[in-house]
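# Structural characterization, general
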Amino acid sequence: MDKELRSRQWFGKKGKDGFIYRAWMKNQGIPAHELQGKPVIGICNTWSELTPCNAHFRELAESVKHGIYEAGGFPVEFPVMSLGETLIKPTAMLYRNLVSMDVEESIRANPIDGVVLLCGCDKTTPALVMGACSVNIPTIVVSGGPMLTGKYRGHDISTSDVWRFSEAHRAGKMTDEELFTAEACMTRSRGHCAVMGTASTMACMVESLGLTLAENAAIPAADSRRKVLAHLSGSRIVEMVKEDLKPSDILTRQAFENAITVNAAIGGSTNFVIHLLAIAARIGVDLTMDDFNNVKNIPLLANLQPSGKYFMEDFYYAGGLPALMKELHGVLNNTAITVSGKPVAENYLKSECFNREMIAAFDKPFNAVAGIVVVKGNLSENGAVLKPSAASPALMKHTGKAVVFENIEDYKAKIDDPDLDVDENSVLVLKNVGPKGYPGMPEVGNMSIPKKLLEKGVTDMVRISDGRMSGTGFGTVVLHVSPEAAIGGTLAIVQDGDIINLDVSAGLLHVELSEAEIIERKKKLQPQENLSNRGYVWLYQTHVEQAHLGADMDFLKGGSGSSVLRDSH
Ligand code: FES
């Protein structure tokens, strides 16, 4: 190790300053030799009982510590704000950027040479990676792992069933008691959602980017091999510090292209787009919405809910992400390096697929259509996204009359109104749920089907909004429309009865209005006030960028490195 450890700027000092830096650490029972030149490894922990998906992370951190000690490092665990997708209001996404700031400043301000990021529930992964990228010291990610598959009345279930159950309940096909019973059956173990929702998508994203050891994505949280992975990651980060292997060495353009390819093949969440764009901007890789359209020929290779049948547990037993990436060998940038310091191909070439019903061969895919399609037109000049594998083939080219909801409250008030002028060919349009319009851009884009149509057996309709959709959701849903309604995007002037064209294969989203009519209607728009005139919500609403740029704050892009700006000691 040629370069002096960053932590020596604290623990290597003589005199009063060194005394202070070391003395207070010693009140934890730390022997002097631990602070005498060992790599200090931060364990950035999003443990919280309010984030049930990450509630086992203190135990996971212990495994990481064992690995760090074994390799000759010294671990220091520290908390950052956690984001529990199910409890946080109004939406966890509002706080992703705040957590990234917490992570960035916590790493930079402390005597840390390398960092292990413990990530799990949806936003905890991008938030931690974004923050770490802006500091750029050696970093490895350990995901918490998915829950075991839920079991209800003899059926395998998980988060996507929440939408099915609630629609069945609304349609009178499931009783209150049955719904209540299903709750505990679904979440029967530690870990995050067991489908290819956003959390699993993020776990696959960090593995395909090269930020984790192989197999990180799918080992169930309750499987002892998750702890082994944490242990090995603890050992590996100590070596990474010695090699000075940083995120900027790993997160090259090739790595981002690999992540996009893998996300297509796994049928990953639409949230992937927004988070990957934000991470790329932090590390300085020029990634745009068009890059997501460049992987059109990647087929669907994972038979995972919500696009398919199985669960993350099954994925792991079938060979996990390495077995799937092996199928993509011909289309991946195989020389991109990972945290192992070796080419990504070494992570998967020796892997095997044990279940072809779960992981398909490249030439015999589950679906030739995969990935996330970006649609543009006068209704979304900067782009909007749709996930074809979760959509209805019959609706991929569709023209229909708009049924407009001005905001989420308007939608809730009208959606089940028997007098709502809507039929199965209508296009549901929800405005003002974008990054600024509903600070945080909630996951409401897969609006429920109007009750009267549900009762007629309608299960899907074209739905368009500037909001997001849960990674566990499905349907022909156009999301992330940019520019959003709240800043005067064309979405803002759509009215009931306007004709909307969606043509996914042509990449088109269009409202049949003349340019002159659009300009005329836009003149009548009222500027939207900020929701709050103080605090974080004000900061967010003032500085958040549009979805096509990753919805990061404008002042957070890029990084500031690991140097402390001023040092009073
Ligand atoms: Fe945490 Fe789904 S609620 S991952």
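In short, a report on the structure. In this text the structure is predicted, and so the values were computed from the model without any measurement.

Scanning the protein chain from terminus to terminus reveals 20 helices and 14 strands. Expressed as lengths along the three principal axes of its C-alpha atoms, the size of the protein chain is roughly 75 × 55 × 50 Å. In the protein chain, which comprises 569 residues, the share counted as buried stands at 60%. Counting contacts in the protein chain only where the partners sit at least 6 residues apart, residues at least 24 apart contribute 75% of the total.

Residue P306 is reached from Q305 by a cis peptide bond, and omega for that bond is 10°. If you trace the backbone, P306 turns up in the loop between α13 (290–293) and α14 (312–317). Note the cis peptide between S482 and P483, where omega equals 0°. Structurally, P483 can be placed in the loop between β12 (477–482) and β13 (499–503). The backbone of R153 sits at a positive phi, close to 50°, despite the residue not being glycine. When you line up the elements, R153 lands in the loop between β5 (150–152) and β6 (155–157). Judged by relative accessible area, R153 falls into the exposed class, the value being 60%.

Bringing the pattern of salt bridges into the picture now. In this structure the tally under the stated criterion is 35 salt bridges. Here K65 and E77 are joined by a salt bridge, their closest N and O atoms 2.9 Å apart. Taken as a pair, K65 in helix α3 (residues 57–70) and E77 in strand β2 (residues 74–79) lie far apart in primary sequence, 12 residues in all. For E77, a relative accessible area of 31% puts it in the partly exposed group. Here E85 makes a salt bridge to K123, at a shortest N to O gap of 3.0 Å. Here E85, found in the loop between β2 and α4 (96–109), pairs with K123, found in the loop between β3 (114–119) and α5 (124–133); they are 38 residues apart in sequence, far enough to count as distant. You can call E85 buried: its relative accessible area is 19%. K123 gets classed as buried once you look at its relative accessible area, which sits at 0%. Ionic contacts of the salt-bridge type, sharing partners, join the residues E85, D122, K123, E443 and R468 into one network.

Right, let's talk about the pairing of strand β14 (residues 508–511) for a bit. Going residue by residue along β14, you find L509 and V511 tucked away on one face and L508 and H510 left uncovered on the opposite face. Note that β13 and β14 share four bridges and pair antiparallel. The residue bridging L502 from the neighbouring strand is L509, located in β14. Linking β13 back to β14 in an antiparallel pair, the connection comprises four residues, with G507 at a positive phi of about 70°.

Bringing a nonpolar patch on the surface into the picture now. Where nonpolar side chains cluster on the molecular surface, the patch consists of F19, I20 and W24 and spans about 350 Å² of accessible area. Tracing the backbone shows I20 in helix α2 (residues 15–26).

Attention shifts here to empty space enclosed by the protein. Applying the stated criterion across every chain, the model contains one cavity of 30 Å³ or more. Estimates place the volume of the largest cavity at around 40 Å³. Together, I260, N263, A264, F272, F292, V295, G371 and I372 line the largest cavity. Here the residues of the lining of the largest cavity sort into six nonpolar, two polar and no charged.

Relative to the elements of secondary structure, G561 occurs in the segment after α20 (535–543). The exposure class of G561 is partly exposed, given its relative accessible area of 26%. Taking the C-alpha atoms as reference points, G561 and T459, 102 residues apart in sequence, are found 50 Å from one another. Those residues in contact with G561, other than ones at most four positions away along the chain, are R108, S134 and V135.

This next bit is on the packing of aromatic side chains. This structure, assessed with the given rule, holds six aromatic pairs. Their ring planes at 25° and their centres at 5.8 Å tell us that Y95 and Y536 sit as a pair that is stacked. A residue pair is termed long-range when its members are at least 10 positions apart, and Y95 in the loop between β2 and α4 and Y536 in helix α20 qualify at 441 residues. Accessibility expressed as a relative area gives 15% for Y536, which makes it buried. Arranged with centres 6.0 Å apart and planes meeting at 80°, the rings of F272 and F292 form a pair that is edge-to-face.

Right, let's talk about the sheet that holds β3 for a bit. Taken together, four strands build an open sheet; the order of strands is β2-β1-β3-β4 and the sheet is parallel. Because the sheet does not close on itself, it has two edges, and the strands there are β2 and β4 (139–143). On average, adjacent strands in this sheet sit at an angle of 20° to one another, irrespective of strand direction. Sheet strands in contact with α3 are β1 (40–45), β2, β3 and β4, and its direction is about 160° off that of β2.

On to the side chain of E313. Along the chain, the position of E313 falls in helix α14. Look at E313: it is buried, it has no salt bridge, and the nearest opposite charge is R188 at 4.4 Å. A polar contact is formed between the side chain of E313 and the side chain of Y317, at a distance of 3.0 Å. With residues near it in sequence (within four places) discarded, E313 still touches L148, T149, R188 and P220.

Quick look at the nonpolar core now. Counting 117 residues, the largest nonpolar core has F256, L276, F315 and L324 as the members making the most contacts within it. Counting residues per element, this core draws most heavily on helix α12 (residues 271–283), at nine residues. When residues no more than four places from it in sequence are discounted, the contact partners of L276 are M205, L209, F256, A259, I260, L287 and F292. Counting residues in each nonpolar core, the second largest holds 28 residues, with V375, A402, V478 and L491 among its members.

Between helix α8 (residues 198–209) and helix α15 (residues 320–327), whose axes approach to 11 Å, the crossing angle comes to 60°. Taken as axis vectors, α8 and α15 run oblique relative to one another. As α8 runs across α15, the sense of the crossing is right-handed. Listed contacts from α15 to C204, E207 and S208 of α8 are L321, P322 and M325.

Rules used throughout
- Residues numbered from 1 in each chain as written.
- Predicted model: local features only at pLDDT ≥ 70, side-chain atom pairs only at ≥ 80, totals over all residues.
- Heavy atoms only, no water.
- Helix = DSSP H or I, 4+ residues; strand = E, 2+ residues; numbered from the N terminus.
- Buried < 20%, exposed > 50% of the residue type's maximum accessible area, 1.4 Å probe, protein only.
- Contact = heavy atoms within 4.5 Å.
- Salt bridge = Lys/Arg side-chain N within 4 Å of Asp/Glu carboxyl O.
- Pairing = 2+ DSSP bridges.
- Patch = residues over 30% accessible without salt bridge, like charges linked within 9 Å, V, L, I, M, F, W, Y side chains within 5 Å.
- Areas by Shrake-Rupley, 256 points an atom, 1.4 Å probe, with all protein chains shown as cover.
- 1 Å grid on protein atoms, 1.4 Å probe; cavity = no way out; pocket = protein on both sides within 12 Å on 5 of 7 lines; lining within 4 Å.
- Points joined across faces, edges and corners; volume = space filled by probe spheres on them.
- Nonpolar A, V, L, I, M, F, W, Y, C, P; charged D, E, K, R; others polar.
- Phe/Tyr/Trp six-rings, centres within 6.5 Å; stacked < 30°, edge-to-face > 60°.
- Axes fitted to C-alpha atoms, helices over the stretch in contact; angles between N-to-C directions.
- Lys, Arg positive; Asp, Glu negative; His and termini not counted.
- Polar contact = N/O pair within 3.5 Å; in protein donor to acceptor, adjacent residues only side chain to side chain.
- Core = buried A, V, L, I, M, F, W, Y, C linked by side-chain atoms within 4.5 Å.
- Parallel < 35°, antiparallel > 145°, perpendicular 65-115°, else oblique.
- Left-handed = near helix turned anticlockwise from the far one by under 90°.

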